[in-house]
Amino acid sequence: AWDEQSFSQVVAPILQRYCFECHHGESAEAEIDFEEYQKSDSLSSHTMTLQRVLEVVISEQMPPRDSLALPDREREQLVAWIDRYLMQQSKLLS
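Treat the numbers as computed from the prediction; the structure is a model and nothing was measured.

1. Considering the packing of aromatic side chains
Per the counting criterion, the structure on display carries 2 aromatic pairs. Centroid distance tryptophan 81 to tyrosine 85: 5.3 Å. Interplanar angle 5 degrees. Geometry classified as stacked. Taken as a pair, tryptophan 81 and tyrosine 85 lie in helix 3 (residues 72–93) at a separation of 4 residues, close to a single helical turn. Take tyrosine 85: its relative accessible area is 1%, and that puts it in the buried class. Ring pairs connect the aromatic residues Phe7, Trp81 and Tyr85, which therefore count as one cluster.

2. Notes on empty space enclosed by the protein
Empty space among the atoms becomes visible once a probe the size of a water molecule is rolled across them. Tallied over the full model, the rule gives 1 cavity of 30 Å³ or more. Of the voids in this model, the largest cavity is the one considered here, and its volume is about 50 Å³. In this structure, the largest cavity is lined by Phe7, Val11, Leu15, Phe34, Tyr37, Leu43, Leu50, Val53, Leu78, Trp81 and Ile82. Taken together, the elements giving at least two residues each to the lining of the largest cavity come down to helix 1 (4–18), helix 2 (47–58) and helix 3. Classifying every residue of the lining of the largest cavity gives 11 nonpolar, no polar and no charged.

3. Regarding helix 3
For helix 3, spanning 22 residues, the distance from its first C-alpha to its last is 31 Å, which sits close to the expected 32 Å at 1.5 Å a residue. Taken together, the buried positions of helix 3 are occupied by Glu74, Arg75, Leu78, Val79, Trp81, Ile82, Tyr85, Leu86 and Gln89. Looking straight down helix 3, one finds that the buried residues subtend no more than 165 degrees of arc, so they occupy a single side. Facing away from the buried side of helix 3 by over 90 degrees, the exposed positions are Asp72, Arg73, Glu76 and Lys91.

Basis of the calculations
Residues numbered from 1 in each chain as written. Predicted model: local features only at pLDDT ≥ 70, side-chain atom pairs only at ≥ 80, totals over all residues. Heavy atoms only, no water. Phe/Tyr/Trp six-rings, centres within 6.5 Å; stacked < 30°, edge-to-face > 60°. Helix = DSSP H or I, 4+ residues; strand = E, 2+ residues; numbered from the N terminus. Buried < 20%, exposed > 50% of the residue type's maximum accessible area, 1.4 Å probe, protein only. 1 Å grid on protein atoms, 1.4 Å probe; cavity = no way out; pocket = protein on both sides within 12 Å on 5 of 7 lines; lining within 4 Å. Points joined across faces, edges and corners; volume = space filled by probe spheres on them. Nonpolar A, V, L, I, M, F, W, Y, C, P; charged D, E, K, R; others polar. Expected span 1.5 Å × (residues − 1). Arc of directions from axis to C-beta.

Below, the structure is given as structure tokens:
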């Protein structure tokens, strides 16, 4: 599921471990600040960014090769959660 509990238990730790180094605070690269994504209820205003995140994680462009590697299991969890979340958001908008 894509609910708050699964976000805080699955997604937030992955973002913190593998993404925060480059994507947090005022100097966040690509203007993606994952500190803004700490709660799933704040995600609805970031759906376009989440779509882009999904694309670069699936294509293994992120995290970059010189960063801590994202293990396949965690990559799959992140991709699955974002994909379900985006599908749910599209249903809410239609």
